[in-house]
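Coordinate analysis (summary)
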Amino acid sequence: YTKCRAQLKNLQVHGLLEKYLQMDKSHLKATLAVAEPNAHGQHNATLPWFWSLDVQDDSISSNWMNEFYRVHWLCTKALHDRWAEELVLVEHEMQWTLEFFLFKANTWLTRIASIGDSILEGHKCYAIRQVHLYQELAKHAQVWFMKAHPTFWPIS
């Protein structure tokens, strides 16, 4: 395969080179998804590029190939669904993290206000430092969350 692909490259047949990509040894690893659908290590497995080539009637003429494609389609769909769910969870966790930092800052502000003038100077300095710390953590997290996920909604 590698020699034939090199010759195609020498002949400058770019249309075929785009269809027949470079092949690695990892692409030649046998899949056990049909024989052992619950085998360990197949959770995030994907098929190499050549399985997506349109070979005429390969799934129609062979029940095994039909089953192979069906199993891998279902595995890929499950993988897609897991990542879509993970995205929703991470977006919520980002919001919860910001809300937690702001909650902690407000908690320290409330402590300062509830004690009033009778608070010791050292305790007041510590509380103000905690307020500043959590406000800065919230600002920092918000900046990085917006860089990682541009549609992230900022807290005002």
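The coordinates are above.
Below is a short write-up of the structure.

Conventions and cut-offs
Residue positions are given per chain, counted from 1 along the sequence in the order it is written. Given that this is a predicted model, residues contribute local features only at a pLDDT of at least 70 and side-chain atom pairs are listed and counted only at 80 or more, while totals for whole chains, interfaces and linings are drawn from all residues. Based on all heavy atoms of the structure, the side-chain values leave hydrogens and waters out of the count. Stacked, tilted and edge-to-face are the three classes applied to pairs of Phe, Tyr and Trp rings, where Trp contributes its six-membered ring and a pair requires centres within 6.5 Å; stacked means planes under 30 degrees apart, edge-to-face means over 60, and tilted covers the rest. Each helix is a run of DSSP H or I of at least 4 residues and each strand a run of E of at least 2, with the numbering of both proceeding from the N terminus. Burial classification: accessible surface area is computed with a 1.4 Å probe over protein chains only, and a residue below 20% of its type maximum counts as buried, one above 50% as exposed, and the rest as partly exposed. Cation placement over rings: the criterion is NZ of Lys or CZ of Arg within 6 Å of the ring centroid and within 35° of the ring normal. The term nonpolar core refers to a set of buried residues drawn from Ala, Val, Leu, Ile, Met, Phe, Trp, Tyr and Cys, joined through side-chain atoms within 4.5 Å. Two residues form a contact once any of their heavy atoms are found within 4.5 Å. Salt bridge, as applied in this entry: a Lys or Arg side-chain nitrogen positioned within 4 Å of an Asp or Glu carboxyl oxygen.

We now examine the packing of aromatic side chains. If you walk through the whole model with that rule in mind, you get four aromatic pairs. Ring centres of Phe101 and Tyr134 lie 6.4 Å apart, and the angle between their planes is 40°; this geometry places the pair in the tilted category. Of this pair, Phe101 sits in helix α3 (residues 63-115) while Tyr134 is found in helix α4 (residues 121-148), placing the two residues 33 residues apart along the sequence. In terms of burial, Phe101 and Tyr134 fall into one category: buried. Of the aromatic side chains, those joined through ring pairs into one cluster are Phe100, Phe101 and Tyr134. The positively charged end of Arg111 is found above the aromatic ring belonging to Trp108, 4.4 Å away from the centroid. Cation over ring: Lys147 sits above Trp144, and NZ or CZ is 4.4 Å from the ring centre.

Moving on to the nonpolar core. The biggest cluster of nonpolar side chains holds 13 residues, and the ones touching the most others in it are Leu98, Phe101, Trp108, Tyr134, Ala141, Phe145 and Phe152. Of all the elements in the fold, those that place two or more residues in this core are α3 and α4. Contacts of Phe145, omitting those with residues within four sequence positions, involve Met94, Thr97, Leu98 and Phe152.

Here we take up the pattern of salt bridges. Taken as a whole and assessed by the stated rule, the structure comprises two salt bridges. A salt bridge links Lys77 to Asp81, with the shortest nitrogen-to-oxygen separation between them at 3.0 Å. Residue Lys77 and its partner Asp81 are both found in helix α3; the two are separated by four residues, about one turn of the helix. For Lys77, a relative accessible area of 38% gives the class partly exposed. For Asp81, a relative accessible area of 35% gives the class partly exposed.

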